[in-house]
Amino acid sequence: HSSRCVEVLLKAHASVASRNCAGYSPLLIAASEGRTELVALLAQSVVRTDVALLDATVGGSVSAVAPSRSRAPALPRANINLPFTIARLARARRYTPLHWASINGASGAVHVLLTAGASCDALSHPDGQTALIKAAQYNAPECIERLCRHGADVDVQDTNGRTALHYAARAG
């Protein structure tokens, strides 16, 4: 029923750019929940209105895109075993909808976002991770395949100097 509700609201010209008090857009929330059908509906509206929202993080800022072989100062390692859902968004980093879809292993949502024009090499803040790194960190092989086919840079290093392969080796 929720996709029908979204359809009705979009037909009534609800703003896809709106943000809740925590700074999350409807697209960011749908991606973080791995809701492929909602991501598809919202991404269609975003492409028609403001394609920059595809790469927007919390608060509306657009993420930087990773230069090849980037290296930044080290930050403490986060606990990679926590499940990331809306309930944990208060502690979350600044991730794009593509990051959230990758974290949740939602390969359909990853496909929709990439097709709509999301940048596969957008960096999260402050850890400097791409959606590919997140997919590897959370053991999402279908997302990794889609991102690689779309041209994701497999050698981007996060702020700890780790690549997706480092995280995949750790995750299993």
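All values reported here derive from a predicted model rather than from experimental measurement.

1. Details of the overall build of the protein chain
Reasoning step 1: Helices and strands together make up the secondary structure of the protein chain, namely eight helices and zero strands.
Reasoning step 2: Listed N to C, the secondary structure of the protein chain is α-α-α-α-α-α-α-α in terms of helices and strands.
Reasoning step 3: Put simply, the protein chain has 172 residues, and 46% of those count as buried.
Reasoning step 4: The contacts in the protein chain between residues at least 6 apart in sequence include a share of 71% that link residues at least 24 apart.
Reasoning step 5: In the form shown here, the protein chain has an accessible surface area of approximately 8,500 Å², with 54% of it arising from carbon and sulfur atoms.

2. Examining unusual backbone geometry
Reasoning step 1: The step from His-125 to Pro-126 runs through a cis peptide bond, and the omega angle for that step is 5°.
Reasoning step 2: Structurally, the position occupied by Pro-126 is in the loop between helix H5 (107–116) and helix H6 (131–137).
Reasoning step 3: You will see that His-13, though not glycine, has its phi angle at about 70°, which is positive.
Reasoning step 4: Even without glycine at this site, Asn-139 takes up a positive phi of about 55°.
Reasoning step 5: Mapped onto the secondary structure, Asn-139 falls in the loop between H6 and helix H7 (141–149).
Reasoning step 6: Residue classification places Asn-139 among the exposed residues on the basis of a relative accessible area of 53%.

3. A look at the pattern of salt bridges
Reasoning step 1: Following the criterion strictly, the structure yields two salt bridges and no others.
Reasoning step 2: The shortest N-O distance in the salt bridge between Arg-4 and Glu-7 comes to 3.9 Å. Of this pair, Arg-4 and Glu-7 both sit in helix H1 (residues 2–11), three residues apart, which is roughly one turn of that helix.
Reasoning step 3: On the basis of relative accessible area, Glu-7 is assigned to the partly exposed category, the value being 31%.

4. Quick word on the nonpolar core
Reasoning step 1: In terms of nonpolar packing, the biggest core is built from 39 residues, with Val-39, Leu-42, Leu-98, Val-110, Leu-113 and Leu-147 touching the most fellow members.
Reasoning step 2: Elements represented by at least two residues in this core include exactly H1, helix H2 (26–32), helix H3 (36–49), helix H4 (97–103), H5, H6, H7 and helix H8 (164–171).
Reasoning step 3: It is H5 that contributes the most residues to this core, six residues altogether.
Reasoning step 4: Discounting residues that sit within four places of it in the chain, Leu-98 has contacts with Val-110, Leu-113, Leu-114, Ala-118, Ser-119, Cys-120, Ala-131 and Leu-147.

5. Concerning the confidence of the model for the protein chain
Reasoning step 1: Per-residue pLDDT for the protein chain has a mean of 75; in total, 70% of the residues score no lower than 70.
Reasoning step 2: Mean pLDDT across the secondary structure elements of the protein chain bottoms out at H3, with 77, and peaks at H7, with 95.
Reasoning step 3: Note that pLDDT drops below 50 for residues 59–63; the model gives that stretch 14 contacts with residues more than four away or on any other chain.

6. Topic: H5
Reasoning step 1: Most of H5 sits inside the fold, with seven of its ten residues counted as buried.
Reasoning step 2: Every buried residue belonging to H5 is among Ser-107, Ala-109, Val-110, Val-112, Leu-113, Leu-114 and Ala-116, and all of these are buried.
Reasoning step 3: Positive backbone phi, at 115°, marks Gly-117, one or two positions downstream of H5.

7. Let's talk about the environment of Lys-11
Reasoning step 1: Within the element layout of this structure, Lys-11 appears in helix H1.
Reasoning step 2: Assessed through its relative accessible area of 66%, Lys-11 is described here as exposed.
Reasoning step 3: In the structure, Lys-11 is positioned 34 residues away from Ser-45 in sequence and 9.8 Å away in space, judged by C-alpha atoms.

About the criteria used
- Residues numbered from 1 in each chain as written.
- Predicted model: local features only at pLDDT ≥ 70, side-chain atom pairs only at ≥ 80, totals over all residues.
- Heavy atoms only, no water.
- Helix = DSSP H or I, 4+ residues; strand = E, 2+ residues; numbered from the N terminus.
- Buried < 20%, exposed > 50% of the residue type's maximum accessible area, 1.4 Å probe, protein only.
- Contact = heavy atoms within 4.5 Å.
- Areas by Shrake-Rupley, 256 points an atom, 1.4 Å probe, with all protein chains shown as cover.
- Salt bridge = Lys/Arg side-chain N within 4 Å of Asp/Glu carboxyl O.
- Core = buried A, V, L, I, M, F, W, Y, C linked by side-chain atoms within 4.5 Å.
- pLDDT = per-residue confidence, 0-100.

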